[in-house]
Each structure stands twice: as C-alpha cells, then as structure tokens.
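Spelled out from the first residue to the last, the chains are:
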Amino acid sequence: QEGKLRQVQKMEAVGQLTGGIAHDFNNMLAVVLGGLELAKRQLHNHSSPALRHIESAMEGANRAAALTRQLLAFSREESLRLEPIAAGELITGMSDLLDRTLGDAITVVARDIGRGWLTHADRHQLENVILNLAVNARDAMEGRGTLTIVTSGTALAEHAVGRCPAGEYVTIAVSDTGCGMTPEVMERVFEPFFTTKPVGKGTGLGLSQIFAFVRQAEGEIGLQSEPGKGTTVTLYLPRDATASVSKAEQIAAVPEPVA
Ligand code: ADP
C-alpha cells in the first residue's frame, strides 16, 4: 500500500514538474539540434574529428528530446482525441511498425479473439503504449524470441483486476519469451524512473506512463512474469458499448476533449 502511494505521489510530482519545464526544454533542444545540423552541413571535410563530436552531440540531444517527449506524455498539456477503437484492428495496423522495431529474430504473432468490442481511447496514445510494451519485450528477449499480442474482451467482477470496477473490458495482452522479472522488480516497475537498464538505455518511464494511461482511461493493467520464462502485460480498457454502431458516425459524434 505504501509502495502504491509513493508511486502515485511520484507520478503527480512528475506531472507537475513536466507541465512547467518539458515544453520549454523541448524548444531549447530544437535550437541545439538545429545548430548542430547546420554545423554538420557546413563541415565539408568528412574525415574531420569535429564531425564525430557533432554527431555524438546530436545523438545525445536526440535522446534528451525522446526523454522530454516521454515526460510530456505525463503532463496534461498533451491534447487527446478520443475515438472508438477496435483493438484488433489497431494492432493489425501496427504490424509493419512492430516487425521493423523488433527485428528479424523476433516473431510477432497477433491474434484477435475479441467480439468486435470497441474502447474509447486516443489512437496515437494507445499505439505508443503498444510500441513501448513491444520495445520492453524486445529488450527482455535480447532481440530473439516471440512477441504475442492477443486482443479480446472480458467481463470482470468488481476488483477482479486491481481496482477496476465491474464491467466489460477490451483486453490487449502483450507477451514475450524474455528474461522475465523477479518479484522485487515486479513490485516497482510502475514507479517513475525505476529501471534495471543501463544509463542512456532505459528511462524508467515507459511502464509508469502506461500505468497513467490506463488509470486515466479507468482501466487497469495486469502483470504476469516468471524469471527465465517471460512476461505478459495485459491492458484492460473499458468497453464502450454505445460505440458499436458505425465507427464513422461515432467519430463524428465525439466531442472535442476538454483541455
Ligand atoms: P525502461 O524500459 O526505460 O527501463 P519501463 O518503465 O518501461 O522503463 O520498465 C521498467 C523496468 O521494468 C525495466 O527496466 C525492466 O527491468 C522491467 N521490464 C519492463 N518490461 C519488461 C519485460 N517485458 N520483461 C522483463 N522486464 C521488463
């Protein structure tokens, strides 16, 4: 319980912090990157050591920009466009991206055993969540193994998973055949900045961001993992039963989100 509280407090602190600085920081990084890009173009001698220095500075700045983007996802400034989404279709639409991200030695299996249920979410945000889970899986499998994504729907009793209320949920289960997690790691994975990855590789923000996403959607996240066997992360997103008629009609009827 205390761990949960610490996690929520930390998340709120991150949200406040980022609201203030991440935006400005991103603009400053754009200036840095722009300047480096210009310097690189003006450098005609391609064997100059200066080129290497410029490139490693750009790499660092790009990493900082990626981190800032992740931080921005915490702040409320990000504008969301909620729409009815069929999880199976969303995953199918990502198959090229997933194949490219995971590399040849990882097999991606996508199975939709849903009943055509829809959930309400921001498409871009949900795609980011899936991509984040896939990258974690890739790291855990050290580039080799099977990633399975099963989309479905289920009716849950009150508090069957975490704190979610009774109801119907669209589920997205992302499984890998990677290194798995110890119970100690499982306890902490949703905490912002918790990472077991080396500096520069992990930010420790992926899963806490996903936690914030499902919480905001009034869903839940399930975690199963066994060291040496693999991990399954399951997203439970509330079904939107009113959005089953015509997708186009529904999208037209969705009001603009309140900022
Ligand atoms: P990051 O990936 O930047 O470390 P995350 O919040 O996404 O941040 O993950 C936190 C930690 O949880 C990781 O450092 C890793 O130890 C563990 N983890 C996440 N996903 C998996 C997975 N699929 N298999 C094994 N461990 C995982």
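Residues numbered from 1 in each chain as written. Predicted model: local features only at pLDDT ≥ 70, side-chain atom pairs only at ≥ 80, totals over all residues.

We now examine the overall build of the chain. Counting its regular elements, the chain contains eight helices and seven strands. The buried share among the 259 residues of the chain stands at 28%. Considering only contacts in the chain between residues 6 or more positions apart, those separated by 24 or more positions represent 73%. (Helix = DSSP H or I, 4+ residues; strand = E, 2+ residues; numbered from the N terminus. Buried ≥ 20, exposed ≤ 12 C-beta atoms within 10 Å, placed from the backbone. Contact = placed C-beta atoms within 7 Å.)

Right, let's get into the site of the ligand. In the region of the ligand, 22 residues are neighbours, and Asn 136, Ala 140, Thr 195, Gly 202 and Gly 206 sit closest. Elements that contribute at least two residues to the shell around the ligand include exactly helix H5 (123-140) and helix H7 (206-216). Residues of the shell around the ligand, tallied by class, amount to nine nonpolar, 11 polar and two charged. (Near = placed C-beta within 6 Å. Nonpolar A, V, L, I, M, F, W, Y, C, P; charged D, E, K, R; others polar.)

This brings us to the sheet that holds strand E7 (residues 230-238). Taken in spatial order, the five strands of this open sheet run E2-E4-E5-E7-E6, and their pairing is mixed. In this open sheet, the two strands that pair with only one neighbour each are strand E2 (106-112) and strand E6 (220-226). Within this sheet the neighbouring strands show an average axis-to-axis angle of 15°, counted without direction. Helix-sheet contacts for helix H4 (residues 95-102) involve E2 and strand E4 (145-156), and the interaxial angle to E2 is about 155°. The strands that H5 touches are E2, E4, strand E5 (167-176) and E7; relative to E5, the one it contacts most, it runs at about 30°. (Pairing = 2+ DSSP bridges. Axes fitted to C-alpha atoms, helices over the stretch in contact; angles between N-to-C directions.)

Note that Val 214 resides in helix H7. Separated by 21 residues in sequence, Val 214 and Leu 235 have C-alpha atoms that sit 7.3 Å apart. Not counting residues up to four positions away in its chain, the partners in contact with Val 214 are Gly 219, Glu 220, Ile 221, Leu 235 and Leu 237.

As for its position among the elements, Pro 227 is in the loop between E6 and E7. Sequence separation of Pro 227 and Asp 96 is 131 residues, and the distance between their C-alpha atoms is 29 Å. Ignoring any residue separated from it by four or fewer positions in sequence, one finds Pro 227 in contact with Cys 179, Gly 180, Met 181 and Thr 182.

Counting buried residues along E5, seven of its 10 residues qualify, which places the element largely inside the surrounding structure. Of the strand pairs in this sheet, E4 and E5 are connected by 10 bridges, and their pairing is antiparallel. Residue Ser 152 lies in a different strand from E5, and its bridge partner there is Thr 171. Pairing analysis gives eight bridges linking E5 to E7, with the strands arranged antiparallel. Within the sheet, the bridge partner assigned to Ala 173 lies in E7 and is Thr 234.

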